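Per-entry structural report
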Amino acid sequence: MSAPTTPAALTIAEAQAEMRAGRLSARELTEDCLAAIGAAGALNAVVHPVPDKALEMADAADAARAAGEDKPLLGIPLGIKDVFCTEGVAAQSASHILEGFVPPYESTVTGKLWAAGAVQLGKLNMDEFAMGSSTEHTTYGPCVSPWRREGDTAPIVPGGSSGGSAAAVAADLCLGATATDTGGSIRQPAAFCGVVGIKPTYGRCSRWGIMAFASSLDQAGPIAKSVEDAATLLGAMAGHDPMDSTSAPLEVPDFTAELAGDLRGRRIGVPQEYRKGLSDETAATLENGIEMLRDAGAEVVDVSLPMTKAALPAYYVIAPAEASSNLARYDGVRYGRRAKLGQGDGVLELYEKTRAEGFGPEVRRRVMIGAYVLSAGYYDAYYLRAQKVRRLVRQDFDRVLEEVDTLLAPATPGPAFAQGEFDGDPVQMYLQDVFTVTLNLAGLPGISVPVGRAANGLPLGLQLIGRAWGEVPLFGAAAALEARAGTRPRPQPWW
Amino acid sequence: MSIDRATVRKVARLARIAVREDEEEQLAGELSGVLDWIEQLQAVDVEGVEPMASVHPLELPRRADALTAAEGEAGIQDKVLANAPDARQGFYAVPKVVE
């Protein structure tokens, strides 16, 4: 293993060890991250840097440590997805309609991170309102992956919607990042960028202060350089919050409890439906993953989730329906940007012009699809039917997760694609989410772990799926994969 | 093609998004593409299945109908209005509404 050459390239666990030993200060670490961000403009991952705030928080962390304090994230610089409200720091969910918005309050999740000692570096690029799988649909312009195909300089997408989070972590601009996942938006970009991302059980993290996309599906989680770091970050982010009625009143367990990765006595299932139509590379990666889990002592068996095929279209009814309702709040009255009105324009024109100017094409498409499937005459045929399919998807998982405690599946159909590859074909882009949306519909936790490389050099990830509230054993299985996959793949800096 | 231009105009109005006439044709194509793909849901047997709106049983907690600490904070009105595109005399301002 080649040792990282700069502090910003350390994992959270490594940086904590250095700081606890007095060999590194939070200020040095933060300055190194800020320098890395300054040099990485070509990635367009960090869209609202806050260097002054970062250094102030770093100094406070150093002072606290000098006074004998120690906390899990004391002095650890993090990037924050632009979907989180951060008091006094711009947040616009990568949308033109929220240009100029400065939240007057802090999201629960980011508030918990600062309370755990973390340092805020700035806001990260994403697909507008978290709708997308490539971080190309953003008012800030596309985010570019730090990865390139071997022998090729074509820009590659970092995945989405948390593409800025995955790119910033993979490029060592920060030690970890927050992200959100409604249909795969943590796990897919993590897989594309060769880093770790977990979507916890629905209700594990508070949604208070996170701009809503589809409230029954949205969950926050971390993107990190290692399984251990992801467990540490989730421990700080999770917990009941009276401000979110869907956040679970459960104790936060020690997510690092089973990281030794001993899987003896564990039964892990591989859904047969997730093996269909895989590229040879993805199929081979899945086989490697199965061998790794067996090597760690697990019994790996075939299982079946017959509703898999119907899950994706059901998701693309439910998510836009909830989005059309949630995004009704962006009306040019209370916050954000208002269109310039003409003589005699009334309040209807104010809404319609503001939203026409403010929403990008993908958000407009989804809000319109949502309005359509909820409209009179179509509600039963689309929305109600999709909600019934959702129950069938959940029942599939309930049945299978009685026989096995974890599932192994691909995270994505293949490695990251090139910028512009799916222009003009939204359905092809939606198919990227085929292995991830099922978990959101069922509310289950899933973690994406890098386990290999494609022939073109790009990282490939696998996804582990756990029982509801089963993140501790899920992290254990992820650690077993990570230990056998070897050192985290690092992109060759070109930026 | 399941969506025609008239439906695009209707849905645009429901969604409160102004759509220019010269965009209608393309939007009709895009929305039809998505909806035709979603059509495969009709093949699933959902007879007798209860719709599922939430993954956890919904037992919404209640709280006292009183101001929270944040709502009662001094200067909260200014804070709330600070992001408004047009705020006057403690209110959001909009064009005159005549029904």
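Overview of the structure. Remember, predicted model here, so these are calculated numbers, not experimental data. (Residues numbered from 1 in each chain as written. Chains lettered and ligands numbered in written order. Predicted model: local features only at pLDDT ≥ 70, side-chain atom pairs only at ≥ 80, totals over all residues.)

Quick look at the overall build of chain A now. Helices and strands together make up the secondary structure of chain A, namely 15 helices and eleven strands. The globule rule puts the C-alpha radius of gyration for 495 residues at 23 Å, and the 21 Å found for chain A is close to it. For chain A, the C-alpha atoms occupy an extent of roughly 70 × 55 × 50 Å along the three principal directions. By residue count, 62% of the 495 residues in chain A fall in the buried class. Partitioning the intrachain contacts of chain A with sequence separation of at least 6 by distance along the chain shows that 77% fall at a separation of at least 24. (Helix = DSSP H or I, 4+ residues; strand = E, 2+ residues; numbered from the N terminus. Rg over C-alpha atoms; globule rule 2.2 N^0.38 Å. Buried ≥ 20, exposed ≤ 12 C-beta atoms within 10 Å, placed from the backbone. Contact = placed C-beta atoms within 7 Å.)

Attention now goes to the environment of R266(A). All names here are of chain A. Examined against the element boundaries, R266 turns out to sit in the loop between α7 (227-237) and β7 (267-271). On a C-alpha basis, the gap between R266 and D331 in space is 51 Å, while along the polypeptide they are 65 residues apart. Setting aside chain neighbours within four positions, we find R266 in contact with A298, D405 and T406.

All names here are of chain A. Mapped onto the elements, D127 comes out in the loop between β3 (119-124) and α5 (163-170). Taking the C-alpha atoms as reference points, D127 and G159, separated by 32 residues in sequence, lie 9.3 Å from one another. With residues up to four places along the chain from it excluded, the contact list for D127 reads A94, G132, S134, T135, H137, T138, G160 and S161.

Because the α-helix completes a turn every 3.6 residues, residues three or four places apart line up on one side. Along its 14 residues, helix α11 (residues 361-374) of chain A runs 20 Å from first to last C-alpha, staying within 8% of the 20 Å computed at 1.5 Å per residue. Taken across its 14 residues, α11(A) has eleven buried, putting it largely inside the fold. Residues of α11(A) that are buried: V363(A), R364(A), R365(A), R366(A), V367(A), M368(A), I369(A), G370(A), A371(A), Y372(A) and V373(A). Contacts from the buried residues of α11(A) go to α9 (308-326), α12 (379-403) and α13 (426-430) of chain A together with α1 (5-14) and α2 (21-38) of chain B. (Expected span 1.5 Å × (residues − 1).)

Time to look at the sheet that holds strand β10 (residues 446-453) of chain A. Residues and elements named next belong to chain A. Spatially, eleven strands are ordered β1-β3-β2-β4-β6-β5-β10-β11-β9-β7-β8 in an open sheet, and the strand pairing comes out mixed. The sheet is open, and its two edges are formed by β1 (46-49) and β8 (299-303), each paired on a single side. Taken pair by pair, the neighbouring strands of this sheet meet at an average axis angle of 30°, ignoring direction. Direction of pairing for strand β4 (residues 176-181) relative to strand β6 (residues 219-224): antiparallel, over a ladder of six bridges. When the sheet's bridge partners are listed, G176 is paired in β6 with A224. Here helix α2 (residues 26-38) sits on the sheet in contact with β1, β2 (77-81) and β3, set at roughly 15° to β3. (Pairing = 2+ DSSP bridges. Axes fitted to C-alpha atoms, helices over the stretch in contact; angles between N-to-C directions.)

When you tally the buried positions in β4(A), you get six out of six residues, the bulk of the element. Residues G176(A), T178(A) and T180(A) point to one face of β4(A) and A177(A), A179(A) and D181(A) to the other, with burial holding for every one of them.

Before going further, it helps to spend a moment on the packing of α9(A) against α12(A). Residue and element names in this part refer to chain A. Running from amino to carboxyl end, α9 crosses α12 at an angle of 130°, the nearest separation of the two axes being 9 Å. It follows from the interaxial angle that α9 and α12 lie oblique. Handedness of the α9/α12 crossing: left-handed. Two secondary-structure elements touch here, α9 through A310, A311, A314, V317, I318 and A321 and α12 through Y382, Y383, A386, Q387, V389, R390 and V393. When grouped by side-chain class, the residues that make up the contact of α9 with α12 number eleven nonpolar, one polar and one charged. (Parallel < 35°, antiparallel > 145°, perpendicular 65-115°, else oblique. Left-handed = near helix turned anticlockwise from the far one by under 90°. Nonpolar A, V, L, I, M, F, W, Y, C, P; charged D, E, K, R; others polar.)

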